[in-house]
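Descriptive analysis of the structure
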Amino acid sequence: MRLADLRSVLAECAGDLDDVELGEAALDRLFTDLGYDSLAILETAAAVGQRYGVQLRDEDVADAVTPRAFLLLVNRSLATAAQGTPS
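Values in this document were obtained by computation on a predicted structure and should not be read as measured data.

Rules of the game
- Residues numbered from 1 in each chain as written.
- Predicted model: local features only at pLDDT ≥ 70, side-chain atom pairs only at ≥ 80, totals over all residues.
- Heavy atoms only, no water.
- Helix = DSSP H or I, 4+ residues; strand = E, 2+ residues; numbered from the N terminus.
- Buried < 20%, exposed > 50% of the residue type's maximum accessible area, 1.4 Å probe, protein only.
- Contact = heavy atoms within 4.5 Å.
- Areas by Shrake-Rupley, 256 points an atom, 1.4 Å probe, with all protein chains shown as cover.
- Core = buried A, V, L, I, M, F, W, Y, C linked by side-chain atoms within 4.5 Å.
- 1 Å grid on protein atoms, 1.4 Å probe; cavity = no way out; pocket = protein on both sides within 12 Å on 5 of 7 lines; lining within 4 Å.
- Points joined across faces, edges and corners; volume = space filled by probe spheres on them.
- Nonpolar A, V, L, I, M, F, W, Y, C, P; charged D, E, K, R; others polar.
- Salt bridge = Lys/Arg side-chain N within 4 Å of Asp/Glu carboxyl O.

**Remarks on the overall build of the protein chain**
Looking only at helices and strands, the protein chain features 5 helices and 0 strands. Walking the protein chain from its N terminus toward its C terminus, one meets helices and strands in the order α-α-α-α-α. Considering only C-alpha atoms, the protein chain reaches an extent of 40 × 20 × 20 Å along its principal axes. When each of the 87 residues of the protein chain is scored for burial, the buried share is 37%. Of the contacts made within the protein chain by residues no fewer than 6 positions apart, 60% connect residues no fewer than 24 positions apart. For the protein chain, the computed accessible surface area is about 5,300 Å², with 48% contributed by carbon and sulfur atoms.

**Considering the nonpolar core**
Counting 24 residues, the largest nonpolar core has Leu56 and Phe70 as its most contacted members. Those elements that place two or more of their residues in this core are helix H1 (3-14), helix H2 (31-34), helix H3 (38-52) and helix H5 (67-83). Per-element tally for this core: the top contributor is H3, with 5 residues.

**Some details on the side chain of threonine 44**
Turning to its location among the elements, threonine 44 is positioned in helix H3. By relative accessible area, which is 1% here, threonine 44 ends up buried. Discounting chain neighbours no more than four positions away, the residues touching threonine 44 are Leu6, Val9, Leu10, Cys13 and Phe70.

**Observations regarding the layout of surface pockets**
In this structure, the second largest pocket spans a volume of roughly 150 Å³. Forming the walls of the second largest pocket are Leu30, Phe31, Thr32, Tyr36, Asp37, Ser38, Ile41, Leu42, Val61, Ala62, Ala64 and Val65. Sorting the residues of the lining of the second largest pocket by element identifies H2, H3 and helix H4 (58-63) as the ones contributing at least two each. Here the lining of the second largest pocket gets 3 residues from one element, more than from any other, and that element is H3. Here the lining of the second largest pocket is composed, by residue class, of 9 nonpolar, 2 polar and 1 charged.

**So, the pattern of salt bridges**
Scanning the entire structure with this criterion turns up 5 salt bridges. Between aspartate 5 and arginine 2 there is a salt bridge whose closest N-O contact spans 3.3 Å. For arginine 2, a relative accessible area of 55% corresponds to the exposed category. Glutamate 12 serves as the salt-bridge partner of arginine 51, at 2.7 Å between the closest nitrogen and oxygen. Of the two residues, arginine 51 sits in helix H3 while glutamate 12 sits in helix H1, which places them 39 residues apart along the sequence.

Put into C-alpha cells, the structure is as follows:
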C-alpha cells in the first residue's frame, strides 16, 4: 500500500479535509494533528482490510498513530498474508 492509496481510502472514509495535505511531509505527523479522529482511522482500517484482504487488529491500528506507522502495519500484514502466515 502506498501513501496515495491511504490518502484515497481516508478521503472515502473520513471525507476530504480541505486544510490537510497528506503528502510525504505528513508521514510522521499524528493523525489527530492532521484532523483524523480514532473513528476515522478505524473505519479506514476496515476499508483497507476489505480492499486488500487483510485483517488489522484494532489494537495494532490504535498504535499506528501516524500515516507512516499505518502504512507499515498494512504492508507488514500484506507481506505476512502473502507468505501464508497468520498476522
